[in-house]
Amino acid sequence: MQDASSSPTPVESAPLLGIDLGTTNSLIAVWQDGKAQLIANAVGEVLTPSVVSVDEDGSILVGSAARARLTTHPHRTAAAFKRFMGSDKRFELGEHRFTPEELSALVLGSLKQDAEAYLGCPVSEAVISVPAYFSDEQRKRTVFAAELAGLKVQRLINEPTAAAMAYGLHEQKFERTLVFDLGGGTFDVTVLEYALPLIEVHASTGDNYLGGEDFTDALLKACLSDWQLTLESLEPQALASLHDAIEQLKRDIGEGSLTLTWNGDGQAREWLLDQARLQSIWAPLLARVRTPIEQALRDARLSPRELDSLVLVGGATRMPQIQQLVAKLFGRLPYRHLDPDTIVALGAASQAACKARDAAIDELILTDVCPYTLGVASSRGEEVSGAFTPIIERNTVIPTSRVQRFYSTHPEQKVVRIAVYQGERPWVRDNILVDSFEIPLQPTGQVQSLDVRFSYDINGLLEVDVTFLETGHKHSHSIDRSPTGLDSEARQASHERLARLKIHPRDALPNRTLLARLERAWMQSLGDERDLIGSWLDAFNAVLAGQQAAEISRQRLQLSQALDELRY
Ligand code: AMP
């Protein structure tokens with residue numbers, strides 16, 4: 001784990017911040033003294049687990065303490081909620097009920113507090129990264145999560161683009177590069193070209209539902225099936241502890257074999273995993289990695305041989321099986337010089353500096369693309385309805401504004417319905433509905449022509465303008481509410497729900513985090529080791545009761561190291 005430096009330079013103007021709001025971990029970085037630097041959280045780590053838990057006293061815990069409670073208190077804890085951004089999913093945590101964006105807001109709020117503690121001044125704006133393949137709705141929800149956390153989004157930057165920016169600044173030597181970004185929950189492929197000061201994104205594709213968590217889940221299911229158990233047959237605590245053990249197995253297995261031993265449901269069990277079995281369990285997931293790569297190269301009109309370099313981003317690219325697949329697909333080894341966990345946050349902070357025209361970076365110009373096709377539902381002739389007519393094609397350079405002409409279907413028509421879709425399939429039923437709205441028509445007794453203009457900005461947000469040519473009537477619509485979208489009432493309710501929450505005090509987090517880790521370790525261990533951990537738990541509670549700050553921090557450090565050594 002990387003520590004951020006502890007002596008900040010005083011900041012005169014508004015700090016230039018970049019946030020990587022990840023499925024598994026989130027990070028915050030600041031542009032300072034001509035470079036991007038990571039900011040450590042209250043427990044001294046730069047990776048803050050994107051996990052939220054409601055403590056027994058009703059207060060909200062974010063980060064490592066919450067992650068430890070995922071095992072001990074699964075009913076009061078939520079993780080990987082970014083995967084549900086833009087959906088109607090609700091998370092029940094004890095007596096609370098949260099939307100994915102409210103949980104994301106709690107993570108953002110915690111990062112904001114860390115930045116304020118480090119910089120010694122209030123923080124109100126940041127560049128936030130999102131998966132390139134995030135839909136319009138998912139982007140809007142991210143902006144709303146930031147608003148809930150009291151942050152204005154200066155810009156949403158696509159994660160691979162942020163990574164490319166950090167690499168570009170660091171190396172300044174690549175030309176045509178493919179960024180392969182496999183995080184906890186999403187997969188993005190971006191092809192870009194550096195001709196410094198210009199960084200030009202040529203194509204971005206991906207899969208919003210493929211990430212490292214799917215590799216863990218596939219192992220979990222195979223293991224349960226070998227033991228003739230089901231997900232439903234295990235108590236939530238036992239399931240959470242098995243999930244932990246499988247996650248560790250995934251990280252440890254490398255290119256060899258391992259045997260998992262587990263007794264979380266009161267019965268001693270073993271599971272042997274070798275490479276042949278691993279490959280067969282992961283084959284369907286590894287196959288899904290190929291399609292977006294092929295599409296990105298085709299859209300960028302490049303063959304694998306024409307790429308100058310390959311960059312791996314995201315924690316899941318640490319898996320040797322992924323590195324081998326990439327090496328095989330491209331016939332060369334990927335470039336892995338920078339830390340795949342931290343690169344996106346550093347790039348986002350660089351983008352913040354770029355936007356603010358910081359002297360060290362103002363030369364750099366970044367162009368990005370719209371990663372998916374946007375269009376409307378239309379009819380072809382009398383018979384065929386539900387066809388998809390593209391207006392902005394995927395991988396068009398943004399910002400962009402494109403117009404397409406349509407006609408009303410009959411002279412008596414009183415209303416035109418504009419249904420906006422995103423996707424690559426010829427029929428709208430197979431694409432994602434972004435928004436739909438109706439515009440009244442002024443009757444002219446004739447079929448009318450209308451120009452539909454789509455304007456897509458650098459944050460990936462869309463506006464639709466419709467002009468009726470015969471009457472000159474104009475209608476402007478910014479897409480801020482999709483069929484699953486938020487109306488102002490829902491937004492207000494979220495604001496009120498969060499305002500009522502009690503956030504665990506930041507100063508008390510290091511102690512609370514150690515207690516949560518000790519409890520998890522006690523739960524996961526047996527026999528002598530459990531007795532030992534139990535004695536540590538009692539000893540630390542006694543030291544806390546003594547209220548001697550120096551003694552508390554000495555013990556905390558000692559016990560954290562002891563837990564690290566035991567790998568808890
Ligand atoms: P990110 O969202 O980029 O932080 O990626 C998190 C994902 O990376 C999670 O699914 C982790 O399980 C995975 N991951 C992190 N480190 C490793 C590792 N050493 N081996 C395998 N997967 C890892």
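First things first, this report covers the structure right here in the doc. This structure is a prediction, so every number in the text was calculated from the model and none was measured.

## Some points on the site of the ligand
Lining the immediate environment of the ligand, one finds 14 residues, of which E213, E247, K250, G315 and A316 sit closest. In the model, an oxygen atom of the ligand is placed 3.4 Å from a nitrogen or oxygen of the T24 side chain. In the model, a nitrogen atom of the ligand is placed 3.5 Å from a nitrogen or oxygen of the R251 side chain. Contact with the protein chains hides 87% of the accessible area of the ligand, taken as 510 Å² for the molecule alone. Mapped by element, the contributors of at least two residues to the shell around the ligand are helix 5 (212-226) and helix 6 (236-252). Per-element accounting of the shell around the ligand gives the leading share, three residues, to helix 6. For the shell around the ligand, a count of residues per class yields two nonpolar, seven polar and five charged.

## A word on helix 11 (residues 509-524)
The first and last C-alpha atoms of helix 11 sit 22 Å apart over 16 residues, in line with the 22 Å expected at 1.5 Å per residue. For helix 11, the tally of buried residues reaches 12 of 16 residues, placing the bulk of the element in the interior. For helix 11, the set of buried residues is L509, P510, N511, R512, T513, L514, L515, A516, R517, L518, R520 and A521.

## Description of the environment of L433
Turning to its location among the elements, L433 is positioned in strand 24 (residues 432-440). Separated by 131 residues in sequence, L433 and L302 place their C-alpha atoms 31 Å apart.

## A closer look at the packing of aromatic side chains
Pairs of aromatic rings are described using the distance from one ring centre to the other and the angle between the two planes. Counted under the stated rule, the structure contains six aromatic pairs. With 5.2 Å between their ring centres and 80 degrees between their planes, F215 and W282 make a pair best called edge-to-face. In this pair, F215 is assigned in helix 5 and W282 in helix 7 (residues 275-300), connecting sequence segments 67 residues apart. Looking at F215, the relative accessible area reads 0%, which means it is buried. Taking relative accessible area as the criterion, W282 reaches 1% and is therefore assigned buried. Seen in terms of ring centroids, W227 and W262 are 5.8 Å apart; in terms of plane orientation they differ by 10 degrees. Their pairing is stacked. Taken together, the positions of W227 in the loop between helix 5 and helix 6 and W262 in strand 15 (residues 258-262) put the pair 35 residues apart, joining distant regions of the chain. Taken together, the aromatic side chains of F81, F84 and F91 make up a single cluster linked through ring pairs. The ring of F134 carries the charged tip of K82 above its face, separated from the ring centre by 5.9 Å. The side chain of K89 reaches across the aromatic face of F91, ending 5.0 Å from its centre.

Cut-offs applied
Residues numbered from 1 in each chain as written. Predicted model: local features only at pLDDT ≥ 70, side-chain atom pairs only at ≥ 80, totals over all residues. Heavy atoms only, no water. Near = heavy atom within 4 Å. Polar contact = N/O pair within 3.5 Å; in protein donor to acceptor, adjacent residues only side chain to side chain. Areas by Shrake-Rupley, 256 points an atom, 1.4 Å probe, with all protein chains shown as cover. Helix = DSSP H or I, 4+ residues; strand = E, 2+ residues; numbered from the N terminus. Nonpolar A, V, L, I, M, F, W, Y, C, P; charged D, E, K, R; others polar. Expected span 1.5 Å × (residues − 1). Buried < 20%, exposed > 50% of the residue type's maximum accessible area, 1.4 Å probe, protein only. Phe/Tyr/Trp six-rings, centres within 6.5 Å; stacked < 30°, edge-to-face > 60°. Lys NZ or Arg CZ within 6 Å of the ring centre and 35° of its normal.

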